[in-house]
Amino acid sequence: MSTDAADRAPILVLERLTKRFGHRVVLDQVDLAVTPGEVVVLLGPSGTGKSTLLRCVNGLEEIEGGRILFEGREVLARSRTVIEIRKHIGMIFQNFNLYAHLSALDNVMLAPVKVLRERRDVVEARARELFRKVRLEHRMHAFPAQLSGGEQQRVAIARALAMQPTLLMFDEPTSALDPETVGDVLAVMEDLAREGRTMLVVTHEIGFARHVGDRLIFMDEGKIVEEGPPDDILERPKNERTQRFFSSILRG
Amino acid sequence: MSAVLGYWQAFLNATITTLWVSWLALILGGIIGAAVGHARLSRSRVVRWMAVGYTELFRSIPPLLLFAGVHYGLAYTFEVRLTPFQSATLALTLVASSLMAEVVRAAIESVSRGQRLAALASAMRPIQVMYYVVWPQAIRVLVPAATGVYITTLKDSSYASVITYLELTRTTLLVREATGKSFEALMVAAVIYFVLTYGISRLGAFVERKFHFVH
C-alpha cells in the first residue's frame, strides 16, 4: 500500500470560499480538499453554486472571500499566474462549447499547439490517441455542427485531455444531451476515473455518482450540507435537505 | 447625350475620387469602428458608455449636416480650415466608423460566450481567445455587413458635393449646368454609382465565400 505523503497531499484545497453575485451569496464559506486520483461528485438542487464553484477553481470567476489552492499555488482570477494554473485543469461544459469554425481534430489540437507551444506532429499523434479513447476516431474531421450532442461532448473531453491536465472538472456534462447519447459520455468518464484521474464532477446522474464517485458532496444554498462515500450519502442521508432532494429525484 | 459624354474624362476622374474617398473612409472607419466596437464590450462601464455615445452621436446626425458642420462649422467656430478633401474624409469616416462599430459589436457577439469561456479555460490569453476563436468566426458575420457599410459610405460620399469637393455628384451637377442636359448627366452618374455598388456587392459575396465553414 502506498503511504507516500506526496500522494496524499491534496491537489486542490478550498478554504472558506465565498462568492457573491451582487448581494446574493452563491458560495458560503465552502471548505473542500481533493486528493490526487479522487473522483468527487457535487450534487444538489439547481442554482446552489456547484457550477460557480468549478468556475472559481480555474479563475473564471472572481471570489469575494477565502482562498483556493491548486497544487499549492493560490488561484487568483485575472492574475497572470491563473493562466499557468489553467494549463493543468481541464474543463468540460454543459453545452460542450466546441469552437464552431474548427474540425473536431483542430478543436483538440488548438490549445496544446498555441498555448503550450508543442510541436504539431506530437500533438496530432496524441489527439489521434485521444479520439480512440473517446471512441470517435471516425469523426475526427467533422465539424461540431455535424456531430451529435454526445459526440460533441466526447470531443470536448478529448480537447480537455489534450492539455494533459492533472485535474478534470465536469460541469453537468450530460444535462444538455439526448437520453440515448448520455451513456456514451458517462462510459468515457468512467474510463477516465478507472485510469486514476482526479475528477471534480457536477452532475445529476445518480447512477454515475454511486458507481464512479469516491466521495459525494451534497450542496444546497451555497453550502456543503453533507459529504461522504456514495452509499452513505445515497442510502443513509443524515441531513433532512439531502433526504428530500434524493427522494424527489429518485422518484422523479 | 454626346454633349454629356464629351465630359467622360471629368466623369472618370470624379469616379476615381469618389472611390478613393469612400475607400479611405471605409479603412479609417473600419479601424476606428473596430476599436469602438470592442470598447462597447469592455468590462469598464465608462469605456462602454463612451463607445455608445460615439456610435449613437454620429449615427444619428444626418450626413449632410455632418459634412457641412465639419467643413464650415469648424472653420467659423474654431478657425480649423480643412480642405474639401480633408473635410469629406473626416465626415465620411465619422459616419462609417459609427456604422462599423455596430457591425463589429454584433459580429463579436455572434460568437457564443461559451466558446470564449472554453478558450479561457484552456489557458489562452484574452488576445489569443480573440485571435484563434472569436475573430475567425466573427468575420463571417462581419463581411456581409461591412459590405453594406461600404455601399452606404460610397453613396454618402455624394454629400461632399455641398462642400465643393469635386467627386462624382458635384461633377455631374457641373456637367449638367455646362451642357443643360439634366437627365442625361444624372443618368450617367446613376449608372456609374450602380456599377460601383454592384461591384462592391459581388466583391463582398466573393470574400464571404472565402470565410465560409460548415455550421
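Residues numbered from 1 in each chain as written. Chains lettered and ligands numbered in written order. Predicted model: local features only at pLDDT ≥ 70, side-chain atom pairs only at ≥ 80, totals over all residues. Heavy atoms only, no water.

Participant: In this structure, what is going on with the overall build of chain A? I would like to understand it.
Facilitator: Assigned secondary structure in chain A consists of 10 helices and 10 strands. Relative to the compact-globule value of 18 Å for 252 residues, chain A shows a C-alpha radius of gyration of 18 Å, a close match. When the backbone C-alpha atoms are referred to their principal axes, chain A occupies close to 50 × 45 × 40 Å. Taking all 252 residues of chain A together, 54% fall into the buried category. In chain A, the proportion of contacts linking residues at least 24 apart, taken out of those at least 6 apart, comes to 65%. If you sum the accessible surface of chain A, you get close to 11,300 Å²; carbon and sulfur atoms cover 46% of it. One way to put it: in chain A the 35 positive side-chain charges average out to a point 4 Å from where the 37 negative ones average out. (Helix = DSSP H or I, 4+ residues; strand = E, 2+ residues; numbered from the N terminus. Rg over C-alpha atoms; globule rule 2.2 N^0.38 Å. Buried < 20%, exposed > 50% of the residue type's maximum accessible area, 1.4 Å probe, protein only. Contact = heavy atoms within 4.5 Å. Areas by Shrake-Rupley, 256 points an atom, 1.4 Å probe, with all protein chains shown as cover. Lys, Arg positive; Asp, Glu negative; His and termini not counted. Charge placed at Lys NZ, Arg CZ, Asp CG, Glu CD.)

Participant: Would you take a moment to explain the overall build of chain B for this structure?
Facilitator: For chain B, the helix and strand inventory stands at 9 helices and 0 strands. In sequence order, the secondary structure elements of chain B are arranged as α-α-α-α-α-α-α-α-α. Within chain B, the proportion of its 215 residues that are buried is 44%. Taking the intrachain contacts of chain B between residues at least 6 apart in sequence as the baseline, contacts between residues at least 24 apart amount to 75%. Of the roughly 11,100 Å² that chain B leaves accessible, carbon and sulfur atoms contribute 68%. For chain B, the centre of its 18 positive side-chain charges and the centre of its 9 negative side-chain charges are spaced 12 Å apart.

Participant: How do you make sense of the sheet that holds strand β5 (residues 73–74) of chain A when you look at a structure like this?
Facilitator: Residue and element names in this part refer to chain A. What the 4 strands build is an open sheet, ordered β2-β1-β4-β5; its pairing is antiparallel. The outermost strands of the open sheet, each flanked by one partner alone, are β2 (24–34) and β5. Packed onto the sheet, helix α2 (residues 50–57) meets β1 (12–21), β2 and β4 (65–70) and runs at close to 115° relative to β1. (Pairing = 2+ DSSP bridges. Axes fitted to C-alpha atoms, helices over the stretch in contact; angles between N-to-C directions.)

Participant: Would you take a moment to explain the interface of chain A and chain B for this structure?
Facilitator: Facing 25 residues of chain A, the contacting portion of chain B comprises 20 residues. Together, the buried faces of chain A and chain B total about 2,000 Å²; carbon and sulfur atoms form 68% of this surface. The tally of links from chain A across to chain B stands at 0 salt bridges. Between chain A and chain B we count 6 residue pairs in polar contact (both at pLDDT 80 or more) in total. If you list the elements that add at least two residues to the side of chain A that touches chain B, you get α3 (81–86), β6 (89–92) and α4 (104–114) of chain A. For the side of chain A that touches chain B, the element with the most residues is α4 of chain A, which contributes 3 residues. Classifying every residue of the side of chain A that touches chain B gives 14 nonpolar, 4 polar and 7 charged. (Buried area = accessible area lost by both parts, 1.4 Å probe. Salt bridge = Lys/Arg side-chain N within 4 Å of Asp/Glu carboxyl O. Polar contact = N/O pair within 3.5 Å; in protein donor to acceptor, adjacent residues only side chain to side chain. Nonpolar A, V, L, I, M, F, W, Y, C, P; charged D, E, K, R; others polar.)

Participant: For this particular structure, what's the right way to read the pairing of strand β10 (residues 223–228) of chain A?
Facilitator: One face of the sheet, then the other: side chains in a regular strand alternate in exactly this way. Residues and elements named next belong to chain A. Relative to β10, strand β9 (residues 215–220) runs antiparallel, the two sharing 5 bridges. The residue of β10 that forms the bridge with M219 is I224. The antiparallel pairing of β9 with β10 creates a hairpin that spans 2 residues between the two strands, and E221 there sits at a positive phi of about 50°.

Participant: What exactly am I supposed to notice about the packing of aromatic side chains here?
Facilitator: Ring pairs (aromatic) are described by centroid distance and by the angle formed between their planes. Enumeration over the complete set of coordinates arrives at 9 aromatic pairs over all chains. Consider the rings of F218 of chain A and F245 of chain A, whose centres lie 5.2 Å apart with planes at 50°: the pair is tilted. Of this pair, F218 of chain A sits in strand β9 while F245 of chain A is found in helix α10 (residues 240–251), placing the two residues 27 residues apart along the sequence. The exposure class assigned to F218 of chain A is buried, which follows from its relative accessible area of 1%. Note on F194 of chain B and Y198 of chain B: the rings are 5.8 Å apart at their centroids and 15° apart in plane angle, and the pair reads as stacked. Of the two residues, F194 of chain B and Y198 of chain B are both situated in helix α9 (residues 182–210); the distance of 4 residues between them amounts to about one turn of the helix. (Phe/Tyr/Trp six-rings, centres within 6.5 Å; stacked < 30°, edge-to-face > 60°.)

Participant: Hey, could you run me through the pairing of β2 of chain A in this one?
Facilitator: Residue and element names in this part refer to chain A. Examined bridge by bridge, β1 and β2 share 7 bridges and lie antiparallel to one another. Opposite R20, over in β2, you have V25 as the bridge partner. Linking β1 to β2, which pair antiparallel, is a turn of 2 residues; within it G22 sits at a positive phi near 65°.

Participant: So what exactly am I meant to see when it comes to unusual backbone geometry here?
Facilitator: Glycine aside, a negative phi is what most residues show, and trans is what most peptide bonds show. All names here are of chain A. One non-glycine residue, Q29, adopts positive backbone phi at about 50°. On the secondary structure map, Q29 appears in strand β2. A positive phi angle, near 65°, is found at R78, a position not held by glycine. You can see R78 is positioned in the loop between β5 and α3.

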